[in-house]
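Read off the chains here:
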Number of protein chains: 2
Amino acid sequence: MSDRLSLPWASDFHCHLRQGDMMDTVVPMVEQGGVQTVLAMPNLTPPLTTTEMAVEYGAALQRLAPGVDFILTLYLSPELTPEEVGRAAKAGITAVKVYPSGVTTNSDWGVLDFKAYYPTFQAMQDHNLVLCLHGECPSDAAKGICILNAEERFLGTLRELHGSFPRLRIVLEHATTKAAVDCVKSLGDTVACTITAHHLFITIDDWAGQPHHFCKPVAKYPSDRDALQDVVRSGHPRFFMGSDSAPHPRRAKQGEKPAAGVFTTPILVPLMATLFERLGCLDRLESFISTHGRSFYQLPPVAASAPRLTLRRVPFVIPATYTVKSSAQASGREVDVVVPFMAKQELAWQIDNDA
Amino acid sequence: MSDRLSLPWASDFHCHLRQGDMMDTVVPMVEQGGVQTVLAMPNLTPPLTTTEMAVEYGAALQRLAPGVDFILTLYLSPELTPEEVGRAAKAGITAVKVYPSGVTTNSDWGVLDFKAYYPTFQAMQDHNLVLCLHGECPSDAAKGICILNAEERFLGTLRELHGSFPRLRIVLEHATTKAAVDCVKSLGDTVACTITAHHLFITIDDWAGQPHHFCKPVAKYPSDRDALQDVVRSGHPRFFMGSDSAPHPRRAKQGEKPAAGVFTTPILVPLMATLFERLGCLDRLESFISTHGRSFYQLPPVAASAPRLTLRRVPFVIPATYTVKSSAQASGREVDVVVPFMAKQELAWQIDNDA
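Residues numbered from 1 in each chain as written. Chains lettered and ligands numbered in written order. Predicted model: local features only at pLDDT ≥ 70, side-chain atom pairs only at ≥ 80, totals over all residues. Heavy atoms only, no water.

### Considering unusual backbone geometry
For step 1, the next point in the chain: Residue A:Pro217 follows A:Lys216 across a cis peptide bond; omega there is -5°.
For step 2, the next point in the chain: Structurally, A:Pro217 is set in the loop between helix 9 (204-207) and helix 10 (222-234).
For step 3, the next point in the chain: Following B:Thr45, the chain continues to B:Pro46 via a peptide bond in cis, the omega torsion being -5°.
For step 4, the next point in the chain: Mapped onto the elements of the fold, B:Pro46 is located in the loop between strand 3 (35-40) and helix 3 (51-64). (Helix = DSSP H or I, 4+ residues; strand = E, 2+ residues; numbered from the N terminus.)

### Thoughts on the pairing of strand 9 (residues 191-195) of chain A
Residues and elements named next belong to chain A.
For step 1, the next point in the chain: Burial runs high along strand 9: five of the five residues are buried.
For step 2, the next point in the chain: The two faces of strand 9 match: Val-191, Cys-193 and Ile-195 on one face and Ala-192 and Thr-194 on the other face are all buried.
For step 3, the next point in the chain: Here strand 8 (residues 169-172) runs beside strand 9; their pairing, made up of three bridges, is parallel. Paired with Leu-172 across the two strands is Cys-193, which belongs to strand 9.
For step 4, the next point in the chain: Handedness of the crossover joining strand 8 and strand 9 through helix 7 (residues 178-186) is recorded here as right-handed.
For step 5, the next point in the chain: With three bridges connecting them, strand 9 and strand 10 (residues 239-241) associate as parallel partners. Bridge pairing links Ile-195 to Met-241 in strand 10. (Buried < 20%, exposed > 50% of the residue type's maximum accessible area, 1.4 Å probe, protein only. Pairing = 2+ DSSP bridges. Right-handed = clockwise from strand over helix to strand, strands pointing away.)

### Quick notes on the sheet that holds strand 4 (residues 69-71) of chain B
All names here are of chain B.
For step 1, the next point in the chain: Across the sheet, three strands lie side by side as 2-3-4; this open sheet has parallel pairing. Of all strands in the sheet, those with a lone pairing partner are strand 2 (10-15) and strand 4, marking the two edges. Direction aside, the axes of adjacent strands within the sheet are offset by 20° on average.
For step 2, the next point in the chain: Looking at chain direction, strand 2 and strand 3 are connected through four bridges and run parallel. By the bridge assignment, Cys-15 is partnered in strand 3 with Ala-40.
For step 3, the next point in the chain: Contacts between helix 13 (residues 285-296) and the sheet are confined to strand 2 and strand 3, with strand 2 contributing the most and set at about 70° to the helix. (Axes fitted to C-alpha atoms, helices over the stretch in contact; angles between N-to-C directions. Contact = heavy atoms within 4.5 Å.)

### As for helix 10 of chain A
Residues and elements named next belong to chain A.
For step 1, the next point in the chain: In this model helix 10 runs 18 Å from its N-terminal to its C-terminal C-alpha over 13 residues, within 8% of the 18 Å that 1.5 Å per residue would give.
For step 2, the next point in the chain: Listing the buried residues of helix 10 in full gives Pro-222, Asp-224, Arg-225, Ala-227, Leu-228, Gln-229, Val-231 and Val-232.
For step 3, the next point in the chain: Phi for Gly-235, located one or two positions after helix 10, is positive at around 75°. (Expected span 1.5 Å × (residues − 1).)

### Focus on the interface of chain B and chain A
For step 1, the next point in the chain: Chain B puts 26 residues into the contact, and the matching count from chain A is 26 residues.
For step 2, the next point in the chain: For the pair chain B and chain A, the two sides together bury roughly 2200 Å², of which 66% comes from carbon and sulfur.
For step 3, the next point in the chain: Among the residues of chain B in contact with chain A, B:Asp205, B:Tyr221 and B:Glu256 are the three that bury the most area, contributing 22% of the side total.
For step 4, the next point in the chain: Our count for the chain B to chain A interface comes out at zero salt bridges.
For step 5, the next point in the chain: Our enumeration of links across chain B and chain A arrives at five residue pairs in polar contact (both at pLDDT 80 or more). (Buried area = accessible area lost by both parts, 1.4 Å probe. Salt bridge = Lys/Arg side-chain N within 4 Å of Asp/Glu carboxyl O. Polar contact = N/O pair within 3.5 Å; in protein donor to acceptor, adjacent residues only side chain to side chain.)

### What to know about the nonpolar core
A general trend in soluble globular proteins is that nonpolar side chains are found buried together.
For step 1, the next point in the chain: With 218 residues, the main nonpolar core has A:Leu17, A:Phe121, A:Leu158, B:Leu17, B:Phe121 and B:Leu158 as its most contacted residues.
For step 2, the next point in the chain: Those residues within four positions of A:Leu158 in sequence are excluded, and the remaining contacts are A:Leu133, A:Ile170, A:Leu172, A:Cys183, A:Val184, A:Leu187 and A:Val191. (Core = buried A, V, L, I, M, F, W, Y, C linked by side-chain atoms within 4.5 Å.)

### A short note on the pairing of strand 3 of chain B
Residues and elements named next belong to chain B.
For step 1, the next point in the chain: Judged by how many residues are buried, strand 3 sits mostly within the fold: five of six residues are covered.
For step 2, the next point in the chain: Here strand 3 runs beside strand 4; their pairing, made up of three bridges, is parallel. Counterpart to Leu-39 in the pairing with strand 4 is Ile-71.
For step 3, the next point in the chain: Each parallel crossover has a hand, and the one from strand 3 via helix 3 to strand 4 is right-handed.

### Some details on the state of the cysteines
Residue and element names in this part refer to chain A.
For step 1, the next point in the chain: What the rule picks out here adds up to zero disulfides over all chains.
For step 2, the next point in the chain: Cys-146 provides the cysteine sulfur closest to Cys-137, a residue in no disulfide bond, and the two sulfurs are 11 Å apart.
For step 3, the next point in the chain: Cysteine Cys-193 is unpaired, with the sulfur of Cys-183 as its nearest cysteine sulfur at 9.2 Å.
For step 4, the next point in the chain: On the accessibility criterion, Cys-193 (0% relative accessible area) is buried. (Disulfide = S-S within 2.5 Å.)

Shown next as structure tokens:
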């Protein structure tokens, strides 16, 4: 058993890099977690609905982490006309994110009716943009829809979109169910799926009474987690890493109404290495955290000559908190912290590029 | 539509009355909630495993609320020999509570193997004690058991117990699933079921990201809540109120690991009246909160001449918190509060015995 892993720097195809103090804090942690290509989610306040907004956000991110490749996205809204899709493509924007209305953080501006956006999807297909789906139906007790079956109920929409736009590349993000895995496998090569680190670890029992494990979509049955682990272990080329790392200040997670989101950015690759080893599939790690996603997103493969990431089998205790950079310290206000996933627990691997 | 309801004082067949400061606070609230007969749960620290402990606890409760009838229970453990069952029956203890190990608050001393207790169950049947079941299997990911299917997976044990001890009165407590409702309906007259107020209101969506709605068993699918509402609406005589009101200090609910439990004691009957009216079955309220349970527990019917409870249709805003009585106030320490179910929301009815 080797005590050293050499990997390409990873690509994270779903990450919340936030704004303001939180952005200043989190963006430099992308490389700390072993990632050099990261797809930045557009659910800011206000959401990134225009090319200009996304490009400006990308520039801000780039200033904070000059060594990282940021993949930019737009938030689907009525502003995203077919013409705007053309402008976005020209400006180097890669993907458009769809949030069904009300399903997660900052999704209040989200979509209620997919059909209304068919001209936009057509333009996206024509301009080779990727459609990223938060694949959940809004809860509706009268229709029997709740957060447990919201993903499964969404799969019909995924099938319909794929049927209507077979050349449009679609990513079903942060899959949490066996139903979603089976559905994506059954569809064509233009449909892929991201899986988070935390959904490979936890089930509903881990977030009930544990706000730092609460995220949307929620982790579900053990059999669902098994399905996620199985597809990762199988090395299926249309499944790859999207961390959905979503930092919130601790006070927003431990209050009356804990915010949804799990924070994994600064520990991402060691977390994945630890898990893949437990699952007996360390040989699948590189493709899951790099090759598969880059291929689907039509990014160039990481050059053989590029610097690589070294992980060593040295136990690493995840910090209890990460401090949010801010002017608060100076002004004497209370300092915000973010609690990471598996805080205070031990990972088997750590990044050690001096090794 | 009448704006006045006249009811017998209610009977709550499942309530956590706690110890120490919390007991001093909660017990006087039983009558405030419209209840005069209450079954007190034995999961204290240490649990009430002997007749003496239960009798002593009962005396303490009685001192705090002389007008309330307390139904005493024992916590099933190896100390509960068939001989001890005889002593308990003689001392006026009514029921024995079974907690499968590890499923909820203070269940660490709980049962792993039901068969080992068959001689005790036989003695309970002989002495006409009631068996109260927290009907969940411990979570075990390897067996696919999680908090979502833990109740359904337990139903085989319920059926087996009923088959082995057909004359033993068994209560499946705080049912949360259609499967449990169907199972209890299918069994004989010696098997009954309690339902809480909160499980008639909420689904999983209401406790995800809402620690004050988090309890065990967790609220589940809308279809499960529908089944609970349906059986209540049908007036089935073996289904009755057990609030499972379980107060925790706010700091224990809003921290890193929120405790399981929903607090309804001081608002119980107005809450039930509000819900039954919404469900269009106010005519079923009296039997659900009084007659059915008293009949199953073989308590005398409330005398026709007994003072009655009056509810008036006057909107009542549930307080944000209830303060825990304690010496802390005097000593300058922070005062504990308990957040009730539906805090700050409005009920349609309130108790008004001066009306």
